[in-house]
Structure formats: C-alpha cells, structure tokens
Amino acid sequence: MTGALLSGTGITKSYGATPALRGIDVTVGEGEIVAITGPSGCGKSTLLHCLAGILRADEGSVVYREQDLSLWSEASRSRLRRTEFGVLFQFGQLVPELTAAENVALPLLLAGSGRRDAREAALGWLARFGVADMADKRPPAMSGGQQQRCAAARALVTGPRVIFADEPTGALDQLSGEQVMTAMVQAVREQGSAVVLVTHEAPVAAYADREIVLRDGAIDPSGIGIVG
Amino acid sequence: MSTAHVLLGLLAGGPRHGYDLKRAHDDRLPQAKPLAYGQVYATLGRLERDGLVAQSGQDQEAGPERTSYELTELGRERLAAWLTEVEPPAPYVSSVLFNKVVVALLAGGTDQATGYLTAQRVAHMTRMRELTATKTRPGASVGDVVAADYAIGHLDADLRWLQTTLARVAELQKEVTS
C-alpha cells in the first residue's frame, strides 16, 4: 500500500429516520483490495455507494486522489465513474439491446475510443473472462453466469483505478463465482487497480488483502460483525 | 489419512522406488504435509510384509542403489476396494474448536469463550487469504487450485460455525454450567 488513493472520513448516511452508516472512516490504498463484510443490513452496500460517489453521504467526506468528491457536481462524479472507476453489481445490469462485445466496449466509446479499438479491447476482456464465444450474443440469450462475466469485463475494460464490486458473485453458482473472482483479481493485480469488494461470504472476502467488518452501520473493531 | 493407499495408487501405473514415490506424492497432493522419506520406507516395508507390494528390481542411476516396488495382485484388489468404499460422513462430532469453546465456558466463562472464538476467526480468515492467494497466483496448477479449494471449503464451514456459535455463547454458558 502506497498512501491512500481513496478515503472516507466520518461517513454518515440515513434513509429517512433509519441510520445506515454512523461515521465510518476507511482508506483504500493504490492497488489494494479491501473487502467490506458484515451481516445483512449492516450498511456495507451503502458504504460502497457512498465511496463510489453514487450516493452522497449526509455527513463526512470522500476524498479520491486528494479531491473531495462531496464538493463535486453529479455530472463530474458521473464522469469520474466512467473514466477512473469501474462498477460491478450482483446482477450484471448489461444493456439488453446490445451484444456482449458492445456492452463491454461501451465505457471505452463513452470515453472517446474509436469503434474498432473498443471492440478489439472488448473481445480481449471477454476472452479473459472465458466468454469469448458470447461476443455477438445479447444478454437475454446468455446465462446469468455469462452475463456476470461480461459485466466484470465491462468494469475492467477502461483500466480503472478503483473497481467497486457489490456482491459480484451473489447470483452465481460456486464454480462460476470462483472463476469470476480469480479472473478479476488476476487482472487488477496486473493493472494495479484497487478494489472495494462488498460481500457476506468469507471465501469471497478472502480474495482481498484485508477486511473491514461492519455491524449496525459502524466498523466492528473485533472483526466479528455478528448481531449477538 | 491413509498414506499406504496413496502409495498403492501411485504404484498402479508401474514400479517406482521410494524416492520417486515421495516426489510423486508431494507433486500430486500439493499443499499436503510433505511425506518424510522415513515414512515412505516404513510404509513400503509394511505393505511388503502384508503382501500388497513386492520388490521388482534394483536400479542405480548416478547414485546409491534403489529398490523398486510394484503392486501385487492382492495390492491391486485392496486398492480397488478402498476406492469404492464410501467414507463414513462425520461419525462423531469431534473438533478441537468445539471442545475448546466448551472448556472455555467451564473454566473461564463467556468472555474467555468469546475471546477465543474471535481470535480463531481472525486466524481462519488469514489462512483462507493465504490459500486464496496460492490458487489465484498466475501459473497455479489445477492441483494447487483443487487442494486450496478443499481447505477453503473446510475453513468456510468452520467460519460459519464460529459466527453462529459467537451468537450462542451466552445460551451455551447457561447450559454448560447448569
């Protein structure tokens, strides 16, 4: 770890009267994989959304490369998410009208790449995740596991500095989940990306360099996270 | 764990000497505790005594003379029987982890048990991360992955048990000390 790439300080967030996060401090180093774990409802997904700039915290700040994202406009944060962040959710959320290759190429096209280069890069990433043969298929013609592999390829295609993965294997069978995690971890190790990984499964958290355990919206210093 | 049966299995493809068997054992069962030479020769001695293997020749390649062993017909039958025999699934619930929680409650109380469970969880997660790093290392063999997966699956089962037991420590304390 070489200094904080991304850090959250005093992150507090409520949904109406229900507190979800109660003053969380967290740092993610360059190229570091950090798992956020804890029981259902502990606030781990909310924390990921705040760190990725998808949700704005009620209090506290999120600093990415020394810039306070809470001061940025939605448009600027959205641009950041397209260029420097990669996002992967439990259900791939591919564009159903586009083929797998077009879905994966999309972030590159939005960032200004040429069509041919974008397709070539997309095909490389699809191969890396073992779904090269799906390149010209649309999501409805693919299995859930194949869609998730495409979504992982799409999250990595721009070479993002940080990847936010929220239960990335939650909808996959065990073997597919392991294959997606292994391919993702090998790729981020190569390109030096950091990962914020939300999961409630220990074997998925074990892909990370370290683990932050949440309990009732706060970091559990004992690392247990159980609601006893 | 039956080292004898693994050695019989390694001899199924043809005669081998002790040194070769040790190397094949460690290659085919990566992450297992490496087999000591002494154990190889002691096991071969027992297998020979029981008529399951027999000496098949001497070979001397730039070193000391080595005795090769081969499977006998009886050895082949014993190996086939072992391979079709289903292992009894967890006939007794025996675990140092479980014993330690009960003894911690008897001898120390809930804080002692909770402290132990918490520390054990950290140790389990650390080991799981090491094994995951081994299997995701570029160039990891299928054997490495399969061996790591076996251990990770068992550690995960322990971790689930540690987590649910942490939630039940107070309840268990009442029962153990009543």
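The written sequence of each chain sets the order in which its residues are numbered from 1. All chains are assigned letters beginning at A, and all ligands numbers beginning at 1, according to the order in which they are written. Restriction of local features to residues with pLDDT of at least 70 applies here, the model being predicted, together with a cutoff of 80 or more for giving and counting side-chain atom pairs; totals for whole chains, interfaces and linings are based on all residues.

Engineer: Residues and numbers for the packing of helix 1 (residues 3–11) of chain B against helix 3 (residues 37–49) of chain B, please.
Structural biologist: The relative placement of two packed helices is expressed as an angle between their axes plus a distance between the axes. Residue and element names in this part refer to chain B. Only C-alpha atoms enter the line fits that serve as axes; for helices the fit covers just the stretch in contact. Angles between N-to-C directions range over 0 to 180 degrees. Segments assigned H or I by DSSP are reported as helices when at least four residues long, segments assigned E as strands when at least two residues long, and all are numbered from the N terminus. At their nearest, the axes of helix 1 and helix 3 sit 10 Å apart, and the two run at 80° to each other. Classified by the angle their axes make, helix 1 and helix 3 are roughly perpendicular. Residues Thr3, Ala4 and Leu7 of helix 1 form the contact with helix 3, whose participating residues are Gln39, Thr43, Leu44, Arg46 and Leu47. Amino acids are sorted into nonpolar (Ala, Val, Leu, Ile, Met, Phe, Trp, Tyr, Cys and Pro), charged (Asp, Glu, Lys and Arg) and polar (every other residue, Gly among them). Of the residues in the contact of helix 1 with helix 3, the class split is four nonpolar, three polar and one charged. Just so you know how the angles are binned, under 35 degrees is roughly parallel, over 145 roughly antiparallel, 65 to 115 roughly perpendicular, and the rest oblique. Here the contact rule is simple: place C-beta atoms from the backbone, and any two residues whose C-beta atoms are within 7 Å are in contact.

Engineer: Residues and numbers for the environment of B:Val142, please.
Structural biologist: All names here are of chain B. Here Val142 lies in helix 7 (residues 142–177). Burial in this document is a count-based property: other C-beta atoms within 10 Å of a residue's C-beta are tallied, and the residue is buried at 20 or more, exposed at 12 or fewer, or partly exposed in between, with C-beta positions derived from the backbone. Using a count of 9 C-beta atoms within 10 Å as the deciding quantity, one classes Val142 as exposed. Residues Val142 and Val86 lie 56 residues apart in sequence; the distance between their C-alpha atoms is 25 Å.

Engineer: Which residues make up the interface of chain B and chain A, and what values do they have?
Structural biologist: Each partner contributes residues to the interface: chain B has 15 residues there, and chain A has 13 residues. Taken together, the elements giving at least two residues each to the side of chain B that touches chain A come down to helix 6 (110–136) and helix 7 of chain B. Looking at the side of chain B that touches chain A element by element, the count peaks at eight residues for helix 6 of chain B. For the side of chain B that touches chain A, the per-class residue count stands at eight nonpolar, four polar and three charged.

Engineer: Account for the environment of A:Thr158, with residues named and values stated.
Structural biologist: Residue and element names in this part refer to chain A. Mapped onto the fold, Thr158 is located in the loop between helix 5 (144–156) and strand 7 (162–166). Residues Thr158 and Leu108, 50 residues apart in the sequence, show an inter-C-alpha distance of 6.2 Å. If near-sequence neighbours (up to four positions away) are discounted, Thr158 is found in contact with Thr83, Gly86, Pro107, Leu108 and Ala111.

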